[in-house]
Amino acid sequence: MKLDLIPQIKHTDSNNFFLLSGPCAIEGEDMAMRIAERIVTVTDKLKIPYVFKGSFKKANRSRVDSFTGIGDEKALKILKKVSDTFKVPTVTDIHEVSDAEKAAAYVDVLQIPAFLVRQTDLVVAAAKTGKVVNLKKGQFMSPESMKHAVTKVVDSGNQQVWITDRGTMFGYQDMVVDFRGVPTMKQYAPVVLDVTHSLQQPNQAAGVTGGRPDMIETVARAGIAAGVDGIFMETHFDPANAKSDGANMLHLDHLEKLLANLTALRKTVNSLE
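Residues numbered from 1 in each chain as written. Predicted model: local features only at pLDDT ≥ 70, side-chain atom pairs only at ≥ 80, totals over all residues. Heavy atoms only, no water.

### Structural notes on the overall build of the chain
Using the following cut-off: Starting at the N terminus, helices and strands are each numbered in turn, a helix being any DSSP run of H or I of at least four residues and a strand any DSSP run of E of at least two. Throughout, radius of gyration means the C-alpha value; the globule benchmark is 2.2 Å times the number of residues raised to the power 0.38. Accessibility here uses a 1.4 Å probe with only protein chains present; expressed as a share of the type maximum, an area under 20% marks a residue as buried, one over 50% as exposed, and anything in between as partly exposed. For the area figures, the Shrake-Rupley method with a 1.4 Å probe applies, and any residue is considered shielded solely by the protein chains shown. Working convention for charge: Lys and Arg count positive, Asp and Glu count negative, and His plus the chain ends are omitted. The location of each charge is read from NZ of Lys, CZ of Arg, CG of Asp or CD of Glu.
Secondary structure assignment for the chain yields eight helices and 13 strands. Rg of the C-alpha trace for the chain: 17 Å, near the compact-globule value of 19 Å for 273 residues, within the 12% margin. Along the three orthogonal principal directions, the C-alpha set of the chain runs to about 50 × 45 × 40 Å. When burial is assessed residue by residue, the chain has 55% of its 273 residues classed as buried. Accessible surface computed for the chain: about 11900 Å², of which carbon and sulfur atoms make up 50%. Between the mean site of the 33 positive side-chain charges and the mean site of the 32 negative ones, the chain shows a separation of 1 Å.

Put into structure tokens, the structure is as follows:
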């Protein structure tokens, strides 16, 4: 896995897991900069390769009145400012073919949402930008089926592709992570575990997704033990008032202790290999 091919990424020789983390959505410049500064401080201290995450728009919403964004160009420019200010790469979701080229002008990694990972035109458009493509495994897909999504990227001339597991539907209103999928998907590409989305409780009657943030460390530890290459984790300094996915996000105040614990666990796992 050639993390050093991503512009500005640091600590690639630390043999630690890499981290994709930030708010679910870009709500404004001040909040994005505040969160990024805190995470960069922690990841530099722990020597964790870090990519700032923030969605420039939210297209997959339970209700029509849910927050979708502050404007595409405005949010993308904030992502670029985060990158330029803190010297870290950035990742954002894309939802339409036209988003690929637009977002690629501002970020380093293009993420394909889980519900859209079978959309060939979208995956190919992302691949053709030359950016790293992060494929979220569909909640409805087997680990083995992700081989075909990876192949679409590679056959489009792009070798830089990751798979991110974000859990599998367990009934109508819960998710479960099948850790048997980690070694399976590592045969196709580096594997990331999306800890916070794996703890979502979708399809609530109120039309607002629930979550189990109390289980974040449990799932994250299991992912490190299972051998994931990276951890994806959304965080916010005020999850209760976040405009998207607040119910399953990690409070920013808990991030350093969690990452320190995961780093210690990663060292142990490395010693066993």
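Moving on from the coordinates now.
### Focus on helix 3 (residues 97-104)
Put simply, the rule is: Each C-beta atom gives one direction from the helix axis, and the arc is the one those directions make. In this analysis, two residues are considered to be in contact whenever any of their non-hydrogen atoms come within 4.5 Å of each other.
Within the span of helix 3, buried status applies to Asp 99, Ala 100, Ala 103 and Ala 104. Looking straight down helix 3, one finds that the buried residues subtend no more than 115 degrees of arc, so they occupy a single side. Looking at helix 3, the residues exposed on the side facing more than 90 degrees away from the buried face are Ser 98 and Glu 101. For helix 3, the secondary structure elements touched by its buried residues are helix 2 (72-86), strand 3 (90-93), strand 4 (109-112) and helix 4 (120-128).

### Looking at the packing of aromatic side chains
Here is the rule we go by: Two rings from Phe, Tyr or Trp (for Trp, the six-membered ring) form a pair when their centres sit within 6.5 Å of each other. Planes less than 30 degrees apart are called stacked, planes more than 60 degrees apart edge-to-face, and all others tilted. Geometrically, a lysine NZ or arginine CZ counts as sitting over a ring once it is within 6 Å of the ring centre and also within 35 degrees of the ring normal.
Here the structure, examined in full by the defined rule, presents one aromatic pair. Taken together, a centroid distance of 4.7 Å and an interplanar angle of 45 degrees make the contact between Phe 18 and Trp 162 tilted. On the criterion of sequence distance, the pair formed by Phe 18 in strand 1 (residues 18-22) and Trp 162 in strand 6 (residues 161-165) is long-range, its members being 144 residues apart. Like Phe 18, the residue Trp 162 is buried in the burial classification. Sitting over the ring of Phe 237, Arg 34 keeps its end group 3.8 Å from the ring centre. A cation over an aromatic ring shows up here: Lys 136 above the ring of Phe 232, its NZ or CZ 4.6 Å from the ring centre.

### With respect to the pairing of strand 12 (residues 230-236)
A regular strand places its side chains so that they alternate between the two faces of the sheet. Put simply, the rule reads: Any two strands between which DSSP finds at least two bridges are classified as paired.
A large share of strand 12 lies buried, amounting to seven of its seven residues. Residues Gly 230, Phe 232, Glu 234 and His 236 line one face of strand 12 and the alternating positions Ile 231, Met 233 and Thr 235 line the opposite face, and both faces are buried. In this sheet, strand 12 lies alongside strand 1 in parallel orientation, the contact comprising five bridges. Pairing of Ser 21 across the sheet is with Met 233, part of strand 12. The pairing of strand 9 (residues 191-194) with strand 12 spans three bridges and is parallel. Considered in strand 12, the bridge of Leu 193 is made with Ile 231. Looking at chain direction, strand 12 and strand 13 (residues 250-251) are connected through two bridges and run parallel. Paired with Thr 235 across the bridge in strand 13 is Leu 250.

### What about the environment of Lys 257?
Of note, Lys 257 is situated in helix 8 (residues 255-272). For the pair Lys 257 and Val 42, spaced 215 residues apart in sequence, the C-alpha separation works out to 9.4 Å.

### Overview of the nonpolar core
Which entries qualify depends on this criterion: For the purposes of this section, nonpolar cores are sets of buried Ala, Val, Leu, Ile, Met, Phe, Trp, Tyr and Cys residues that join through side-chain atoms within 4.5 Å.
If you look at the biggest cluster of nonpolar residues, it comprises 67 residues, and the most contacted ones within it are Phe 52, Ile 94, Ile 112, Leu 135, Ile 231 and Leu 259. Among residues more than four places away in sequence, those in contact with Ile 231 are Phe 17, Phe 18, Leu 19, Leu 20, Val 192, Leu 193, Val 195, Ala 220 and Ile 224. Listed in part, the 12 residues of the second largest apolar core include Ile 9, Leu 20, Trp 162 and Phe 232.

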